[in-house]
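# Residue-level structure breakdown
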Amino acid sequence: MDSLTLEQKQAQFNEFFLIGHALKVNVRTLASDFVLPEPEQLEEHMPYAFRIASEMSAIETQALRPLRNLSSHASDLVNYLTHQSRKIDLMMSYILHQQDDPNYRTESIRFGGGGVVINHDSELAVGTIAELKLFVTEEAAAVFCYGEVIACQQEPNGYPIAFIFTRIREQDQELLVRASLHLQTQQLKKRNQSNQP
């Protein structure tokens, strides 16, 4: 991705579905000489809370999968463990939200698996690299990644800035895709309910 042109990056950004939704996002711009870690070294640069949250999620998925194939007698056990898992998710969400730094906080306008558009109070040059933390409250999750500015324009209420994810773990990208689809489903249900007489 590092060798792609701006137009190719914008096209890649637009390949992913984006949903209009406000997430808390921390944006810490990095020096122009900052060298992005190699994809396989990304976890070494992540805050510890983000690493263990991912490991816990993977363990949970592996633990529940075999139980789902057991007889109907196991359904109560699966339900119980699912509730316990949800409690752990909520606790991890609380821990991850401690990583939210008000000094770098802004809100997303849209987000998806390929990037995020934020509203910023000042202009950022195209090509600027930033450390990003996205807090997805609806999924009791948060994502740490690096992004690059691919578009910035001035509007009356600030600067909408589009970041393409340049370093993001596959499981975090999948989480953002799932979250955007879940949120879209919720929006459609609300719209259908409001259209009913």
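What you are looking at is a predicted structure, and each value in this text was computed from that prediction instead of being measured.

## Let's talk about the nonpolar core
Counting 25 residues, the largest nonpolar core has Phe111, Val116, Leu132, Leu134, Phe163, Phe165 and Leu176 as the members making the most contacts within it. The set of elements that each furnish at least two residues to this core consists of strand S2 (24-29), strand S4 (115-120), strand S5 (129-136), strand S6 (141-152), strand S7 (159-167) and helix H5 (170-195). With 14 residues, the next largest nonpolar core counts Met46, Ala53, Ile129 and Phe144 among its residues.

## Some details on the packing of aromatic side chains
Summed over the entire model, instances satisfying the criterion amount to three aromatic pairs. Ring plane angle 55° and centroid distance 5.9 Å describe the contact between Phe50 and Phe144, whose orientation is recorded as tilted. With Phe50 in helix H3 (residues 48-68) and Phe144 in strand S6, the pair connects residues that are 94 residues apart, well separated along the chain. Here the two residues Phe50 and Phe144 agree in accessibility, since each one is buried. Linked through ring pairs, Phe34, Phe50, Phe144 and Tyr146 together constitute an aromatic cluster.

## A look at the pairing of S6
Within S6, ten of the twelve residues are buried, which leaves the element mostly enclosed by the surrounding structure. Summarising the sheet, S5 and S6 pair through eight bridges and their orientation is antiparallel. Residue pairing across strands places Val136 opposite Ala141, the latter belonging to S6. Counting the residues that bridge the hairpin from S5 to S6 gives four residues, and of these Ala140 lies at a positive phi of roughly 50°. With six bridges joining them, S6 and S7 adopt antiparallel strand pairing. By the bridge assignment, Tyr146 is partnered in S7 with Arg167. Remark: six residues form the turn of the hairpin made by S6 and S7, two consecutive strands paired antiparallel; Gly158 in that turn has positive phi of roughly 135°.

Rules of the game
Residues numbered from 1 in each chain as written. Predicted model: local features only at pLDDT ≥ 70, side-chain atom pairs only at ≥ 80, totals over all residues. Heavy atoms only, no water. Core = buried A, V, L, I, M, F, W, Y, C linked by side-chain atoms within 4.5 Å. Buried < 20%, exposed > 50% of the residue type's maximum accessible area, 1.4 Å probe, protein only. Helix = DSSP H or I, 4+ residues; strand = E, 2+ residues; numbered from the N terminus. Phe/Tyr/Trp six-rings, centres within 6.5 Å; stacked < 30°, edge-to-face > 60°. Pairing = 2+ DSSP bridges.

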